[in-house]
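Chains, contacts and geometry: an overview
Now for the letters of each chain:
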Amino acid sequence: MAYISKGRVIGLSKMNRIVAYYAKRPQVQERLTMQIVQELQIALGTEDVACIIDAKHLCVNSRGINDIESSTVTSEFGGQFKTEKTKREFLDYIKLDTKF
């Protein structure tokens with residue numbers, strides 16, 4: 001997760017609580033990513049929020065194909081993170097070279 005502050009800052013534990021709150025619900029990863037961004041935008045008072053989730057899914061790991069190596073990456077970018085320059089800076093920072 002990343003955000004560009006407009007004066008308001010929140011602690012890391014608040015960010016973790018937001019993720020835990022939405023992750024406890026049965027849902028798809030794409031929606032989870034969007035919900036985290038939306039909640040952070042409200043809490044921070046800025047549209048400039050980004051979230052990337054890289055997760056392994058037990059339904060893939062333990063059923064059907066039994067693929068323990070693969071993971072699924074989802075992303076949601078808001079505000080300035082939708083611009084190529086800011087998005088690239090964020091992706092370079094986390095060292096994720098995925099094309100979105």
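As shown above, the structure is provided for reference.
A brief look at the structure comes next. Starting from 1, residues in each chain are numbered consecutively following that chain's sequence as written. Where totals are concerned, whole chains, interfaces and linings use all residues; where local detail is concerned, this predicted model gives features only for residues with pLDDT of at least 70, and gives and counts side-chain atom pairs only at 80 or more. No hydrogens and no water enter the side-chain calculation; it runs on all heavy atoms of the structure.

**Let's talk about the pairing of strand β2 (residues 49-55)**
Heads up, the rule is: Exposure categories follow from relative accessible area, calculated using a 1.4 Å probe and restricted to protein chains: below 20% of the type maximum is buried, above 50% is exposed, and the middle band is partly exposed. The secondary structure listing takes helices from DSSP runs of H or I that are at least 4 residues long and strands from runs of E that are at least 2 residues long, numbered from the N terminus. Strands pair, by our definition, only if DSSP identifies at least two bridges between them.
Among the seven residues that make up β2, six are buried, leaving the element largely enclosed by the rest of the structure. Sheet topology places strand β1 (residues 2-3) next to β2; two bridges connect them, and they run antiparallel. Counted as the bridge partner of Tyr3 is Val49 from β2. Judged from the six bridges that link them, β2 and strand β3 (residues 72-77) form a sheet pairing that is antiparallel. The residue bridging Ile52 from the neighbouring strand is Ser75, located in β3.

**Describing the pattern of salt bridges**
The criterion, for reference: Just to be clear on terms, a salt bridge is a Lys or Arg side-chain nitrogen sitting within 4 Å of an Asp or Glu carboxyl oxygen.
Counted by the stated rule, this structure contains two salt bridges. For Lys6, the salt bridge goes to Asp48, with nearest N and O atoms at 2.9 Å. With a gap of 42 residues between them, Lys6 in the loop between β1 and α1 (12-23) and Asp48 in the loop between α2 (29-44) and β2 connect regions that are remote in the sequence. By relative accessible area, Asp48 is classed as buried at 4%. One salt bridge connects Arg88 with Asp92, and the closest N-O pair in it is separated by 3.2 Å. Taken together, the residues span about one helical turn, with Arg88 and Asp92 both in helix α4 (residues 84-94) at a distance of four residues.

**Looking at the packing of aromatic side chains**
Rules: To pair, rings of Phe, Tyr and Trp, with the six-membered ring standing in for Trp, must have centres within 6.5 Å; the planes then decide the type, stacked if under 30 degrees apart, edge-to-face if over 60, and tilted in the middle. Charge over a ring is defined by NZ of Lys or CZ of Arg lying within 6 Å of the ring centre and within 35 degrees of the ring normal.
Taken as a whole and judged by the stated rule, the model has three aromatic pairs. Plain terms: the ring middles of Phe77 and Phe90 are 6.4 Å apart, the flat faces sit at 80 degrees to each other, and that makes the pair edge-to-face. Highlighted residues: Phe77 in strand β3 and Phe90 in helix α4, separated in sequence by 13 residues. Its relative accessible area of 8% is what places Phe90 among the buried residues. Aromatic pair Phe81 and Phe90: ring centres 5.7 Å apart, planes at 75 degrees, arrangement edge-to-face. With respect to class, Phe81 is no different from Phe90; both count as buried. Among the aromatic residues, ring-to-ring pairing joins Phe77, Phe81 and Phe90 into one connected group. Note that Lys87 overlies the ring of Phe77, its terminal NZ or CZ placed 4.8 Å from the centroid.

**Re the sheet that holds β3**
Stated formally: Throughout, a contact is declared for two residues whenever any of their heavy atoms are within 4.5 Å. Orientation is described by axes fitted as lines to C-alpha atoms, over the contacting stretch for helices, and by angles from 0 to 180 degrees between their N-to-C directions.
Strand order across the open sheet formed by three strands is β1-β2-β3, with antiparallel pairing between neighbours. Edge strands, defined here as strands with exactly one partner in the open sheet, are β1 and β3. Lying over the sheet, α4 contacts β1, β2 and β3, oriented at roughly 40 degrees with respect to β2.

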